[in-house]
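Architecture and fold: a report
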There are 2 protein chains.
Amino acid sequence: MLTIAEGKFRNYLKQKGLKFTPERQLVLEEVFSLHKHFEVEDIFIRIRKKGNHISRATIYRTFPLLVESGLIKEAVHCQGGVRFEHIYGHEHHDHLVCLKCGKIIEFKEDRIEELQDAICKRYDFTPVEHKLGIRGYCKRCR
Amino acid sequence: MLTIAEGKFRNYLKQKGLKFTPERQLVLEEVFSLHKHFEVEDIFIRIRKKGNHISRATIYRTFPLLVESGLIKEAVHCQGGVRFEHIYGHEHHDHLVCLKCGKIIEFKEDRIEELQDAICKRYDFTPVEHKLGIRGYCKRCR
DNA sequence: TTGCAATTGAGATTTAGTTGCAAAAAGGAG
DNA sequence: CTCCTTTTTGCAACTAAATCTCAATTGCAA
Ligand SMILES: [Mn+2]
Ligand SMILES: [Mn+2]
Ligand SMILES: [Zn+2]
Ligand SMILES: [Zn+2]
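Described in the following lines is the structure provided in the data block. (Residues numbered from 1 in each chain as written. Chains lettered and ligands numbered in written order. Predicted model: local features only at pLDDT ≥ 70, side-chain atom pairs only at ≥ 80, totals over all residues. Heavy atoms only, no water.)

1. Observations regarding the relation of the copies chain A and chain B
Relative to chain B, chain A is turned by 180° and slid 0.1 Å along the rotation axis, the superposed coordinates differing by an RMSD of 0.1 Å. Accordingly, the operation relating the two chain copies is best matched by a two-fold axis. Of every C-alpha in chain A, the one belonging to Leu132(A) sits nearest the axis of rotation, 2.2 Å from it. Here 100% of the interface residues in chain A have copies in chain B that are interface residues too; the copies meet face to matching face. (Least-squares fit on C-alpha atoms with pLDDT ≥ 70 in both. Contact = heavy atoms within 4.5 Å.)

Here you go:
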């Protein structure tokens with residue numbers, strides 16, 4: 001999984017004339033060692049905890065490259081920072097976000113996706129990505 | 001329209017033990033004189049241009065009250081600030097956002113809304129609000 | 001190995017939004 | 001109307017996320 005993601009990242013970088021540096025590798029590895037939503041600060045802290053050195057600026061500069069290369073994307077705008085998630089190795093899905101406990105439930109509904117396509121056709125609009133977030137209260141917080 | 005919105009706002013404030021001040025009235029009027037998406041800074045500038053005095057802090061403090069009272073809501077997180085829109089006097093809708101020119105197309109699709117309800121039932125989730133934003137390229141920018 | 005463009009880290013800067021506080025004012029009680 | 005309490009205001013100081021600047025470093029292709 002990581003190796004394939006790394007291959008994609010290397011290709012992307014090369015094709016853009018950019019370099020695969022040790023710092024970018026650290027970020028990539030950390031991002032793909034997680035299996036949930038994450039934000040810049042999470043990755044920063046985890047890399048530092050492992051004794052590796054990296055600056056926040058580098059992570060902030062690396063994330064857009066990971067997005068551009070199709071490996072991760074913005075998932076939800078929670079209170080505070082932007083949260084990211086993997087694309088590579090994960091099917092597209094949308095989110096239910098609990099306003100009380102912050103729990104995030106992922107769901108997939110093909111019929112919604114189809115209707116979205118139909119709407120884009122109706123407005124002669126070429127979709128690149130979409131985000132559907134439903135906020136409310138989960139079973140336990142209601 | 002404004003008068004009814006003002007009534008709702010006054011009720012909300014009273015019920016919370018808050019006051020209907022001239023500044024809050026200015027914000028309310030300005031917000032409802034617009035008929036498109038807006039952000040805090042827009043309202044600030046428009047009020048100032050008319051020669052009225054108000055501070056940004058007051059507007060930042062008033063917006064959550066307008067949201068809480070059900071008159072406006074966050075529409076989209078564009079590059080930069082949060083954009084708001086009216087709820088009062090407008091039907092619920094979602095957005096297509098052009099990544100090139102920033103144009104926003106509003107759409108309404110009841111079948112998507114129904115499917116969302118079904119999903120919430122499936123996960124025993126009580127929805128409060130949702131936001132569906134499709135980003136891509138409009139007819140002219142493609 | 002060399003040269004150059006890309007990258008890095010550190011700290012400064014920007015930007016959106018929040019907060020503390022003293023002075024002002026709303027609005028209910030009397 | 002006047003008084004009194006509570007809320008509100010403006011300003012400036014502050015915060016936090018993200019971006020930028022720049023000198024020193026490094027990747028990598030020739
Ligand atoms: Mn997810
Ligand atoms: Mn809208
Ligand atoms: Zn919950
Ligand atoms: Zn466009």
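Let's pick the thread back up.
2. Let's talk about helix α4 (residues 56–68) of chain A
It helps to recall that an α-helix has 3.6 residues per turn; residues three or four apart then point in one direction. An ideal rise of 1.5 Å per residue puts 18 Å on 13 residues; α4(A) measures up with 19 Å between its terminal C-alpha atoms. Those residues of α4(A) that fall on the buried side of the exposure criterion are Thr58(A), Ile59(A), Thr62(A), Phe63(A), Leu65(A) and Leu66(A). (Helix = DSSP H or I, 4+ residues; strand = E, 2+ residues; numbered from the N terminus. Expected span 1.5 Å × (residues − 1). Buried < 20%, exposed > 50% of the residue type's maximum accessible area, 1.4 Å probe, protein only.)

3. Describing the protein's contact with DNA strand C
Close contacts around DNA strand C come from 18 residues, with Thr21(A), Arg24(A), Thr58(A), Arg61(A) and Lys19(B) the closest. The sugar-phosphate portion of DNA strand C accounts for 73% of its atoms within 4 Å of the protein, the bases making up the rest. His53(A) is positioned with one of its side-chain polar atoms (N or O) 3.3 Å from a phosphate oxygen of DNA strand C. Within the contact set of DNA strand C, a base nitrogen lies 2.7 Å away from a side-chain nitrogen or oxygen of Lys19(B). Elements represented by at least two residues in the surface near DNA strand C include exactly α2 (22–33) and α4 of chain A together with α4 (56–68) of chain B. (Near = heavy atom within 4 Å. Polar contact = N/O pair within 3.5 Å; in protein donor to acceptor, adjacent residues only side chain to side chain.)

4. Some words on the coordination of the zinc ion (ligand 3)
For a metal with four tetrahedral donors the ideal donor-metal-donor angle is 109.5 degrees, while six octahedral donors give ideal angles of 90 or 180 degrees. Residues and elements named next belong to chain A. For the zinc ion (ligand 3), the full set of protein donor atoms is Cys98 (SG), Cys101 (SG), Cys138 (SG) and Cys141 (SG), and the range of their distances to it is 2.2 to 2.4 Å. Considering all four donor atoms around the zinc ion (ligand 3), angles at the metal cover 100 to 115° and the coordination shape is tetrahedral. Mapped onto the sequence, the residues coordinating the zinc ion (ligand 3) show the spacing C-x2-C-x36-C-x2-C. Judged by its relative accessible area of 17%, Cys141 is buried. (Donors = N, O, S within 2.8 Å, 3.2 Å for Na, K, Ca; no water. Tetrahedral: all angles 85-135°; square planar, octahedral: opposite > 155°, others 65-115°.)

5. Re the packing of aromatic side chains
Scanning the model with the defined rule gives eight aromatic pairs over all chains in all. Seen in terms of ring centroids, Phe9(B) and Phe20(B) are 6.3 Å apart; in terms of plane orientation they differ by 80°. Their pairing is edge-to-face. With Phe9(B) in helix α1 (residues 2–15) and Phe20(B) in the loop between α1 and α2 (22–33), this residue pair connects regions lying eleven residues apart in the sequence. When the ring of Phe38(B) is compared with that of Phe63(B), the centres are 5.9 Å apart and the planes differ by 80°; the resulting orientation is edge-to-face. Here Phe38(B) is found in the loop between α2 and α3 (40–49), whereas its partner Phe63(B) is found in helix α4, with 25 residues between them in sequence. For the pair formed by Phe38(B) and Phe63(B), the shared burial category is buried. These aromatic residues form a ring-pair network of at least three members: Phe38(A), Phe63(A) and Phe84(A). One cation-aromatic arrangement involves Arg10(A) over Phe20(A); the distance from NZ or CZ to the ring centre is 4.0 Å. (Phe/Tyr/Trp six-rings, centres within 6.5 Å; stacked < 30°, edge-to-face > 60°. Lys NZ or Arg CZ within 6 Å of the ring centre and 35° of its normal.)

6. Remarks on the protein's contact with DNA strand D
Within the structure, DNA strand D sits among 19 residues, and Tyr60(A), Thr21(B), Arg24(B), Thr58(B) and Arg61(B) are positioned closest to it. When the atoms of DNA strand D within 4 Å of the protein are sorted by group, sugar and phosphate make up 71%. Here a phosphate oxygen of DNA strand D sits 2.6 Å away from a polar atom, N or O, in the side chain of Tyr60(A). Measuring from a base oxygen of DNA strand D, one finds a side-chain N or O atom of Arg61(A) at 3.3 Å. Counting residues per element, the ones that place at least two in the surface near DNA strand D are α4 of chain A together with α2 and α4 of chain B. Looking at the surface near DNA strand D, its residues break down into eight nonpolar, five polar and six charged. (Nonpolar A, V, L, I, M, F, W, Y, C, P; charged D, E, K, R; others polar.)

Any functional reading would require information beyond the geometric quantities listed.
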